[in-house]
Every structure is written in structure tokens, then in C-alpha cells.
Amino acid sequence: MKKIIAFLLTFAVLLAVAIPQGMITFAADFNYGEALQKAIMFYEFQRSGKLPENTRNNWRGDSALNDGADNGLDLTGGWYDAGDHVKFNLPMAYAVTMLAWSVYESRDAYVKSGQLPYILDNIKWATDYFIKCHPSPNVYYYQVGDGAIDHSWWGPAEVMQMQRPSFKVDLSNPGSTVVAETAAAMAASSIVFKPTDPQYAATLLKHAKELFDFADTTRSDKGYKAAEGYYSSHSGFYDELTWASIWLYLATGDEAYIQKAESYEPHWERERGTTFITYSWAHCWDNKLYGSLLLLARITGNSYYKQCIENHLDYWTVGFNGSKIQYTPKGLAYLDRWGSLRYATTEAFLASVYADWSGSDPAKAAIYKEFAKKQVDYALGSTGRSFVVGFGKNPPRNPHHRTAHSSWSALMTEPDECRHILVGALVGGPSSGDEYVDRLDDFQCNEVANDYNAGFVGALAKMYEKYGGEPIPNFVAFETPGEEFYVEAAVNAAGPGFVNIKTSIINKSGWPARGSDKLSAKYFVDISESVEKGITLDQITVGSTTNGGAKVSQLLPWDPDNHIYYVNIDFTGINIFPGGINDYKRDVYFTITAPYGEGNWDNTNDFSFQGIEQGFTSKKTEYIPLYDGNVRVWGKVPPGGSEPEPTPTATIKPTPSPTSAPEVMLGDVNLDGKVTSTDYTYLKRYVVKSIVISDPEKQAKFMVAADLNGDGKVNSTDLTILNRYILKIIKEFPVQK
């Protein structure tokens, strides 16, 4: 029996050795296509500036539209860094370089998965911004927003009120680290745009060359001050210069750039007390040397570079020179408490890229591939929970992200949980003992950032190459809007000839968050009992001493034949926005007074008095309608009056059919005569193919109601337009213009 077992073990070992490198496989434990799709989408939630019409979510809106104005420039666009709203260009440029590197390595995977247009669009959102940041060869704006000021406020990007200064480096005050990293980002991006947009690629390459020359000529971070304490360059600038010159070589084929990269070798960091090139940290926003060594090994075939990158990858897997990365009990390669998953998944990408190189050692490649898969799978949920928002089993719900949380009061405690799903965000991750808390204020476990997702996207593309997976067709992140605008009220005091009402006008908007300086409310009364007592309208007065700046009217007619009037509470000119305790709500106390006398005034027949209680606690009431401009956004009105309602209609376009075309309402896709969020939900289900309309007549009406841009198709673009109409962001559909 022992001989048989020994034979089988020997055969198994020989078989393992005989398996060619390319045939080493593991099970596909997760849908890597969906994970890749969602990890790319994360960058759409990070966008700053004026958003395009084809935005695939409904809770982000235009923001920071004056960036750069302090220096007479347009520096709008780019990405917010993490859960805050500063645009730190060093980690942003690093993220762009990593995303472009992934496309460079795995373009076919992006094509096959249908994600190439999305990742290129996200890269371009950032590179367009970098072009604005580089107005002349030796001037570069490396940051917009002050970290201290920004971090002192907790609210959604769309309603920021603070000053957002922009900071630059130039020949007198240089910043080689951030400038060289941006050169790398532009050069790498020029490569991936060249097949589809060669003119844009040429523009990026021009900027890359100028930025590199600027960084290499100055070789100083003297002027890189504003990011200190947030993204200080601990590794210095020679790793970025090496990294940028390699990408410029790959973009141009000019050997001078490789020679330049190799010339920096004396400045590369060494392990303390040794002559070894550093191997015991990770490729990250601060240190680009590890990725540089990998690319140099592959480009030159030089055994020195190959040994350096293998030392590094060995440290992360089997150990090197007597040291090895720490592993958690459940298998996460654990470098640091801050962003533990960020480091592990980025190293998974490097390990995959190196292992797929024909010049790598087959035995080491097998180890590196296994390592890469285990780290990615850990992030996706191999331990029983996902660490990617909106993906897998028990994903995080409360990432440390201001706009996803969408507090109206600028408090982390309000609301209790994030209002929005930050789809695709990789959170910081667990402790060294695999402990994890899904809590908004735990910015170690639940921080998210551009650099966190960057290497992760690359690793997911590699997993998709090997194991496949199915992205969700026509995936969008539209949410059903919650309650945004409403009125609360209470009876402060009342008597035989008067009533004092407290009303609170409330803006908790979040789809997207938005301020308004045109809010007003109507308090309706029935003065029939006063009229019966011979009291005239001018004898009934309205007064207000505490009004928050609102104009409080005297009684205005609504249905005078039936003695129905209203008090108009008008906040026109005062911006009410979901950005603080004193900003999202305005309180107004007003008193309606009739001549004193029993029976001269009766609140109980007043439309707006319904459900209001006396006391200090206000209650939500739908009987005091709220308006944004002329559009009612909350509440009911009594019969008898008239106010404009949006009723867009269109006729079905002429067809060869001899039958007459009935009228349908644009946007009324469920054909119930109204345009509401129910229509949005119905259209979303149609776009993602979860419903099919089989009745030909109903389908014809649906197509007219749903084709809101008039292009003859019904798709996610129409869904976006309908959402913007429901949210009152647009007043008419494009097809009507």
C-alpha cells in the first residue's frame, strides 16, 4: 500500500512539473466580468465638473464649476480624490497611469467584456483635466482645493460652498514628483488612445514630453507644498522620473528615454543596510519603482531588472532574503493598516503582468498567478464577505465618502447609512487579524480612493482574461429617488382670533444634491366663518417677525368664490441647500390675526391645518405644498385654484400604417397619464431587458413616450433624460426642442 501511495505521489509531482506554464488554471470563483465593470464605474462617481448627458447614475450632478477661477483658468473636471473633494493630482495621475497600463496589457479583455469604451471615457475625463492644468510647458497646476478646509465639511460635492484655491509649480518652485507622474499618465494614455483617436493621442504625448522635460530639468519638489500631510512624496521623485521615461519610450520607441530611465539607477531606493534595490514595500501612488523594474525587465531583458522584480514578488509570496510579507489568518497579504486591500490587489496586478511575460520563470510564474487570484478573490468575498461596494455577498454599505453618504446636515451621523451605493468602490479593508467594520466613520476600514481602485481594475482585467465572467448588460446605477423636499409644521399658539404657525422648509435633496434660491410654500386657509361674521379680507392680517429671510405675504386668493386664500412664504434669493444644519432648513413663524371675537376664526376648516399639532415638535405635512420656482415639488393643494403642471405631450410619429396616431405623453412610459418616478423604474427595467412589451399597440405608444431624444431608439440615454426631467433639472425633453 505504501508503494502505491509513493508511486501516486511521485506521479503527481512529475505531472505538476510537466504541465506547461500556460495550462496552470484555477477555478473561476467569482464573476470577474461584473466586478471589472463595476470597478471601472467607480470613477464615474468621482467626477468633478459639468457631467455629460450620458452619465450612468442619477445621484451625481455638476459640481466645482469655478475651479481655477482664482487664477483666471478653467480647471474644472478631473476626479475628486477619495471620500473628500480635493483634486490631488499626484494620486489622480497615478490612477490614470495604472488604468492605461491595464488597457495596454489587456485591451482584448476590455473589448471582449464591452468595457473598453467605459475605461477610455474615464481615463479621458482625467486627461482632459490634466491638459487644462498644463497651460504652458513649465507651469503645472497640481491641486485644486485646500485639504484642511475641505476636510472640515461633510457634505455632497454638488453643494460645496467653500473656497477652492488652485496651486501650481513652475521653474522657480518646481514639483518633479507630481509633474513626472502626470507625464507618465499622459504618455501611457497616449498609447491606449492611439488606435481610436490618434489626434488626441498626439496631444497627450506632446504634453507628456513637455511635462517630463520640466520635471527632469528641475529635479526638485521645492514648490510641491499644498499636498503635504496628504500626499507627501516619501519616495522622492526619481521613481516617477524613471516611470515616466519608460512610458515615454513605450509611446515613442525612442531609445533615449530608456537610457534616461536606466541613468536614474544610482538614485533608486535600497533596502536599509543592504545593496538590494528596495523590495519590501508596494507599487502605489508614492512609489512607482516596482512597476518600473517590471517594465524595464520586459523591455531590456536585463537579468538585473528581472532579479529585482522577482525579489519584490518573492517577498510578497514565498519570501526573500529571510523576510516575507505578513499574511492575515484568512490569507490577505497585509502590508499596512491604511488601504490593506489596495496594496494587495495592486501587487496582484504586477504579479499577473510579470507571470504572463514569456521571459518569466515558469515555476515562479505559477506561484505569482496563484497569489494574484487569491488576493483578488479575498477582495471579492472568498472569506464570506465582499469588500467591493455593490458587488457580491454582504458588500460594504457605508464607505467613507461624503457624496455617497449625502448628509444634508453636514454630520456623519445623519443619515444613519449612506443614501447611495458607491458601486465598484474597493474599501480599505480589514486589519491584520481580518477584522472589518462597515462603518462610515472608520476611515481605515472603509476609505475609498482613486488609487485604491486603480491596480484593482488591472488585476480584475487579468482575472477576466483567464477565467471570464459576464458583465451586466446595459448596466446603470440609477436609484429610485427618496424624499428630498418637504415641509414640517406645528401650531405654536392659537386663540379665538389668531393662529401662530411654525413652518420649516426642508431641502434634503440627493438625486443629485442641489440647492435652490427659489423655494416657496403656501399655507391655505378657509375664511368662510370670518366672512359670515361680516369680517372683510383686509381685516385679516398676516405678520411674521421670525422668518429666516423669507417674504411672508398677506392672504392671497386661491378660490375666492369659496373663500379659500393662502399665505405665501417666499425664499426667493436665499439659497437653501443640503449642506449644514443651518443650510438645509429654514424656519418661519407667522401669525394670522382676525378681529377678536368668539367664532371669528376657526382653524379646523383650513386645508393646511390638517394634521398639525400644537407644541414644539413639528410634523411633516403634505397640506403645505412646496414649490421650486413654479414647480410644485411637495404636497397637495385644495381644489379650485390653478397652477401650471408639466404635461409634455407628443404625437406618435407618422408611419406607413393607415390608422390614426393617438396622443401619448412624453415620459409617461407606463401610460398612466402621469410622469413620475414609477415611469423611471419602468423604463429602467425595459432598458436592462427585465421586461418585454408584447402588445404591438402598447409597444408603439411606449416607443414614442420613451424616445426622449428623438433618435429612434430607447436606451440608457433616454433613461438619463427622464431622470433629469423628474428631478426638475431640465424642463423639457430634447425631442421637444
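Computed from a predicted model, the values in this text were never measured in an experiment.

*Asks:* Teacher, can you tell me more about the overall build of the protein chain here?
*Replies:* What the protein chain contains, in helices and strands, is 19 helices and 18 strands. In terms of overall dimensions, the protein chain has C-alpha extents of about 110 × 65 × 60 Å along its principal axes. Scored against the burial criterion, the 737 residues of the protein chain give a buried share of 56%. For the protein chain, long-range pairs separated by at least 24 residues make up 71% of all intrachain contacts whose partners lie at least 6 apart in sequence. Where the 67 positive side-chain charges of the protein chain centre and where its 86 negative ones centre are 5 Å apart.

*Asks:* Would you mind going over the layout of surface pockets with me for this structure?
*Replies:* Gaps left between atoms are located by rolling a probe of water-molecule size over the structure's atoms. Roughly 1,200 Å³ of volume is contained in the largest pocket. Lining the largest pocket are 50 residues, with D62, A513, R514, G515 and I729 sitting closest to its centre. Every element with two or more residues in the lining of the largest pocket is listed here: β16 (631-634) and α19 (716-726). Considering each element in turn, the lining of the largest pocket owes the most residues, four residues, to α19. Across the lining of the largest pocket, the residue classes break down as 22 nonpolar, 15 polar and 13 charged.

*Asks:* For this particular structure, what's the right way to read the packing of helix α6 (residues 176-193) against helix α7 (residues 198-218)?
*Replies:* Between two packed helices, what matters for the description is the angle formed by their axes and the separation of those axes. Relative to each other, α6 and α7 sit at 155 degrees, their axes nearing to 7 Å. One element, α6, and the other, α7, form an angle in the roughly antiparallel class. Considering the relative orientation of α6 and α7, their crossing is left-handed. Residues S176, V179, A180, T182, A183, M186, A187, S189, S190 and F193 of α6 lie in contact with α7, whose contacting residues are P198, Y200, A201, L204, L205, H207, A208, L211, F212, F214, A215 and T218. Looking at the contact of α6 with α7 residue by residue, the classes come out as 16 nonpolar, six polar and no charged.

*Asks:* Whenever I open this one, the pattern of salt bridges confuses me. Can you help?
*Replies:* Counting across every chain of the model gives 32 salt bridges. In this structure, the salt-bridge partner of E228 is K225, at a minimum N-O distance of 3.8 Å. Owing to a relative accessible area of 43%, E228 belongs among the partly exposed residues under this scheme. You can call K225 partly exposed: its relative accessible area is 49%. For K288, the salt bridge is made with E240, and the minimal N-O distance between the two is 2.6 Å. Linking K288 in the loop between α9 (255-263) and α10 (289-300) with E240 in helix α8 (residues 238-252), this pair joins segments that are 48 residues apart in sequence. Assigned by exposure class, K288 and E240 land together as buried. One salt-bridge network, held together by shared partners, links D356, K369, K462, E465 and K466.

*Asks:* What is the right way to look at the nonpolar core in this model?
*Replies:* General note: in soluble globular proteins, nonpolar side chains tend to be found buried as a group. In this structure, W101, F130 and Y140 are the most contacted members of the largest nonpolar core, which totals 151 residues. With 13 residues, helix α3 (residues 89-113) is the largest single contributor of residues to this core. Setting aside its immediate chain neighbours within four residues, Y140 contacts N89, F130, C133, H134, F167, K168, V169, V178, V179, T182, L211 and F214. Residues I535, W601, F609 and I612 belong to the second largest nonpolar core, which totals 37 residues.

*Asks:* How do you make sense of the environment of L722 when you look at a structure like this?
*Replies:* When you line up the elements, L722 lands in helix α19. For L722, a relative accessible area of 0% corresponds to the buried category. Separated by 39 residues in sequence, L722 and L683 place their C-alpha atoms 8.8 Å apart. Leaving out residues up to four positions away in the same chain, L722 has contacts with G667, V675, D679, Y680, L683, L708 and F733.

*Asks:* What exactly am I supposed to notice about the confidence of the model for the protein chain here?
*Replies:* Caution applies to low-pLDDT parts of the model: their predicted coordinates are not meant to be read in detail. Per-residue confidence for the protein chain gives a mean pLDDT of 91, with 93% of residues at or over 70. When the criterion is pLDDT under 50, residues 645-662 qualifies, and its contacts beyond four places in sequence or with other chains add up to 27 contacts.

*Asks:* Is there a simple way to think about α3 in this case?
*Replies:* The first and last C-alpha atoms of α3 sit only 29 Å apart over 25 residues, clearly below the 36 Å expected at 1.5 Å per residue. With 21 of its 25 residues buried, α3 lies for the most part within the structure. Positive backbone phi, approximately 80 degrees, marks G114, located one or two places after α3.

*Asks:* What is the right way to read the packing of aromatic side chains from this model?
*Replies:* The relation between two aromatic rings is expressed through the spacing of the ring centres and the mutual angle of the planes. Taken as a whole and judged by the stated rule, the model has 42 aromatic pairs. Centre to centre, the rings of Y279 and Y315 are 5.9 Å apart; their planes meet at 55 degrees, and the pair counts as tilted. With Y279 in the loop between α9 and α10 and Y315 in helix α11 (residues 303-316), this residue pair connects regions lying 36 residues apart in the sequence. Y315 shares its class with Y279; the two are buried. Taken together, a centroid distance of 5.7 Å and an interplanar angle of 65 degrees make the contact between W281 and Y343 edge-to-face. One end of the pair, W281, is in the loop between α9 and α10; the other, Y343, is in helix α12 (residues 340-355), with 62 residues separating them in the sequence. Among the residues examined, W281 registers a relative accessible area of 33% and is labelled partly exposed. Residue class for Y343 comes out buried when judged on its relative accessible area of 6%. Ring-pair connections join several aromatic residues into one group, and the members of that group are W101, Y104, W243, W247 and F349. Against the face of Y467 rests K373, its NZ or CZ located 5.5 Å from the ring centre.

Reading guide: rules and limits
- Residues numbered from 1 in each chain as written.
- Predicted model: local features only at pLDDT ≥ 70, side-chain atom pairs only at ≥ 80, totals over all residues.
- Heavy atoms only, no water.
- Helix = DSSP H or I, 4+ residues; strand = E, 2+ residues; numbered from the N terminus.
- Buried < 20%, exposed > 50% of the residue type's maximum accessible area, 1.4 Å probe, protein only.
- Contact = heavy atoms within 4.5 Å.
- Lys, Arg positive; Asp, Glu negative; His and termini not counted.
- Charge placed at Lys NZ, Arg CZ, Asp CG, Glu CD.
- 1 Å grid on protein atoms, 1.4 Å probe; cavity = no way out; pocket = protein on both sides within 12 Å on 5 of 7 lines; lining within 4 Å.
- Points joined across faces, edges and corners; volume = space filled by probe spheres on them.
- Nonpolar A, V, L, I, M, F, W, Y, C, P; charged D, E, K, R; others polar.
- Axes fitted to C-alpha atoms, helices over the stretch in contact; angles between N-to-C directions.
- Parallel < 35°, antiparallel > 145°, perpendicular 65-115°, else oblique.
- Left-handed = near helix turned anticlockwise from the far one by under 90°.
- Salt bridge = Lys/Arg side-chain N within 4 Å of Asp/Glu carboxyl O.
- Core = buried A, V, L, I, M, F, W, Y, C linked by side-chain atoms within 4.5 Å.
- pLDDT = per-residue confidence, 0-100.
- Expected span 1.5 Å × (residues − 1).
- Phe/Tyr/Trp six-rings, centres within 6.5 Å; stacked < 30°, edge-to-face > 60°.
- Lys NZ or Arg CZ within 6 Å of the ring centre and 35° of its normal.

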